[in-house]
Amino acid sequence: MADAGGIELSVELLRKGSCVALPTETVYGLAADARNAAAVDRIFAAKNRPAINPIIVHVAGYEDAAELVQLNETARSLAARFWPGPLTLVAKLQPGNAIAPNVTAGLPTLAVRVPSHPAFRAVLEQCAFPLAAPSANASGQLTATSPQIVAQGLIGKIPLILAAGLTDKGLESTVLDVSGAAPILLRHGAIPIEALEELLGTIEDGTQIKDRPTSPGQLLRHYAPRLPLRLNAVDVAPGEALLAFGDLKFMGVREGGWARDLPPTHLRNLSEAGDLDEAAHHLFAHLYALDQSEAQAIAVMAIPDTGIGRAINDRLRRACQAQQKD
Ligand code: TXA
Ligand code: MG
């Protein structure tokens, strides 16, 4: 549990070079001492994560970030506005920094963020060293927004899950590359691109460029549930469960009847009110629940492609692509 005892135990384990699952405001992270290559190797092993995929480093504040990476004017204004919070900045490593080389997978850049979750911040403050932490799920599996999803993927592989319920945002941080002259979006996430563009003007969207070597994570299998997904569903086919969004008034079942009468095991609504933040918060927990049902597939209703809806749709499309490849 994320109380004083749990935090103390986490700090003790991290100091010894173990990796532990900690809550952040976005998703659970699998954290280890970012200066300790052996500890970082334990993250890769527990997640079965390819060594080419670099890990985000979490620090307590801007000054700690500036010791690790070179932050330009753009980075400074972003940090002032969005830290602590779900924005990750990719910037050039400072010479002589303390980060273990396996964290960056040998890249000259590092991804850093300042999380806002009080339990994660308490651990960071007591450790007083930076924490490398990818999402706490087995590589390619559902993103860990609840202690149950963390346990499903990592049980027996890590010594501790600091459980703190469902995470607030429900999606990973937005990743922005600020290492060059103009910022490039590397991952849609909890901060909508519109909010970044309000501050910076138009931002290049690098999320579709598959061979961009600076964003290796985008190449990999991601976010996939066990059951196949069918997106933009306007009805429910035989054998399907339904991941709904908004009003179910016109949603029918092909064999006859209404989606709202499906058994509870086969129906989850991301947000009855059609609220995108609420939908993001529930996305992976609801997918996880439907994935446990006896359905053969999951039909997903259309979700508006604006604000955080962009990040939700990005996750759903990647889940479908991953399944097609398998
Ligand atoms: O919300 C989050 O960001 C969560 C929580 C735990 O903080 N962390 C997370 O980490 O999602 P991870 O490792 O699952 O995703 C990191 C993403 C990957 O797509 C990775 O390729 C990219 O950031 N990344 C990391 N370092 C990078 C670098 N130096 N250059 C470009 N992309 C980088
Ligand atoms: Mg991840």
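This write-up is about the structure you can find in this document.

1. With respect to the environment of proline 134
- Mapping proline 134 onto the fold places it in the loop between strand E6 (131-132) and helix H6 (147-154).
- A residue is classified by how much of its surface remains accessible, and proline 134, at 6% relative accessible area, is buried.
- Separated by 20 residues in sequence, proline 134 and valine 114 place their C-alpha atoms 14 Å apart.
- Here proline 134 is in contact with Tyr28, Gly29, Leu30, Ile43, Lys47, Arg49 and Ile55, once residues within four sequence places are set aside.

2. Examining the environment of phenylalanine 82
- The topology assignment puts phenylalanine 82 in helix H4 (residues 73-82).
- The spacing of phenylalanine 82 and arginine 113 is 31 residues in sequence and 9.7 Å in space, taken between C-alpha atoms.
- Contacts of phenylalanine 82, omitting those with residues within four sequence positions, involve Leu87, Ile191, Ala195, Leu196 and Leu199.

3. Points about unusual backbone geometry
- Across the junction of tryptophan 83 and proline 84, the peptide omega takes the value -5 degrees, indicating a cis bond.
- Topologically, proline 84 is positioned in the loop between H4 and strand E4 (87-92).
- Within the chain, alanine 128 stands out as a residue other than glycine whose phi angle is a positive 60 degrees.

4. Details of the sheet that holds strand E15 (residues 297-300)
- As summarised here, the arrangement of the 4 strands in space is E10-E15-E12-E14, forming an open sheet in which the pairing is parallel. Edge positions in the open sheet fall to strand E10 (229-230) and strand E14 (267-269), since each of these has one partner strand only.
- The pairing of strand E12 (residues 240-244) with E14 spans 3 bridges and is classified as parallel. Of the residues in E14, the one forming a bridge with leucine 243 is arginine 268.
- Packed onto the sheet, helix H8 (residues 276-291) meets E10, E12, E14 and E15 and runs at close to 165 degrees relative to E12.

5. Observations regarding helix H7 (residues 193-200)
- Every buried residue belonging to H7 is among Ile193, Ala195 and Leu196, and all of these are buried. All buried residues of H7 lie within an arc of 160 degrees about the axis, which places them on one face of the element.
- Of the residues flanking the end of H7, it is glycine 201, one or two places downstream, whose phi is positive at about 80 degrees.

6. Some details on the sheet that holds strand E3 (residues 57-58)
- Strand order in the open sheet formed by 9 strands is E1-E2-E6-E3-E5-E4-E7-E8-E9, with mixed pairing between adjacent strands. Only two strands of the sheet have a single neighbouring strand rather than two, namely strand E1 (20-23) and strand E9 (204-205).
- Across the sheet, helix H2 (residues 37-47) is in contact with strand E2 (28-33) and E6; its angle to E2 comes to roughly 145 degrees.

7. A closer look at the pattern of salt bridges
- Here the structure, examined in full by the defined rule, presents 12 salt bridges.
- As a salt-bridge pair, arginine 76 and glutamate 73 come within 3.0 Å of each other at their nearest N and O atoms. Linking arginine 76 with glutamate 73, this pair stays in helix H4, spanning 3 residues, or about one helical turn.
- Here arginine 76 falls in the partly exposed class, since its relative accessible area comes to 37%.
- For glutamate 73, a relative accessible area of 55% translates into the label exposed.
- Linked by salt bridges that have partners in common, Glu172, Asp314, Arg315 and Arg318 make up one network.

The rules behind each value
- Residues numbered from 1 in each chain as written.
- Chains lettered and ligands numbered in written order.
- Predicted model: local features only at pLDDT ≥ 70, side-chain atom pairs only at ≥ 80, totals over all residues.
- Heavy atoms only, no water.
- Helix = DSSP H or I, 4+ residues; strand = E, 2+ residues; numbered from the N terminus.
- Buried < 20%, exposed > 50% of the residue type's maximum accessible area, 1.4 Å probe, protein only.
- Contact = heavy atoms within 4.5 Å.
- Pairing = 2+ DSSP bridges.
- Axes fitted to C-alpha atoms, helices over the stretch in contact; angles between N-to-C directions.
- Arc of directions from axis to C-beta.
- Salt bridge = Lys/Arg side-chain N within 4 Å of Asp/Glu carboxyl O.

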